[in-house]
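The chain contents come next:
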Amino acid sequence: MAKDPVCGMEVDENTSVKSLFGGKAVYFCCPHCKARFDKDPMKFKL
Ligand SMILES: [Zn+2]
C-alpha cells in the first residue's frame, strides 16, 4: 500500500492513479488528488 499525499488515504499501487515526481512514483486515490498534486507538488509531503 502507498499513501496518497494529498488526502492521506491508503491506496493500492496497482489500482491507483500515479504521478512521477523527482524520479519517484507517487500514488493517488483519484484523478482529482493527482491534479491537485501536479499543480503544486512542493505543497505536499511525500
Ligand atoms: Zn486522495
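Residues numbered from 1 in each chain as written. Predicted model: local features only at pLDDT ≥ 70, side-chain atom pairs only at ≥ 80, totals over all residues.

Visitor: Sorry, what's going on with the pairing of strand β3 (residues 17–21) here?
Guide: Moving residue by residue along a regular strand, the side chains alternate between the two faces of the sheet. Here β3 pairs with strand β4 (residues 24–28) via five bridges, running antiparallel. Within the sheet, the bridge partner assigned to L20 lies in β4 and is A25. Linking two consecutive strands that pair antiparallel, namely β3 and β4, is a turn of two residues; a positive phi of about 55 degrees is found at G22 within it. (Pairing = 2+ DSSP bridges. Helix = DSSP H or I, 4+ residues; strand = E, 2+ residues; numbered from the N terminus.)

Visitor: Got a minute to help me understand the nonpolar core in this structure?
Guide: Most often, soluble globular proteins keep nonpolar side chains buried together rather than apart. If you look at the biggest cluster of nonpolar residues, it comprises five residues: V26, Y27, F28, C33 and F37. Counting residues per element, the ones that place at least two in this core are β4 and α1 (31–39). Of the residues forming this core, the biggest block, three residues, is contributed by β4. Once residues within four sequence positions are removed from consideration, F37 is found in contact with P5, V6, S19, V26, F28 and F44. (Core = buried A, V, L, I, M, F, W, Y, C linked by C-beta atoms within 7 Å. Buried ≥ 20, exposed ≤ 12 C-beta atoms within 10 Å, placed from the backbone. Contact = placed C-beta atoms within 7 Å.)

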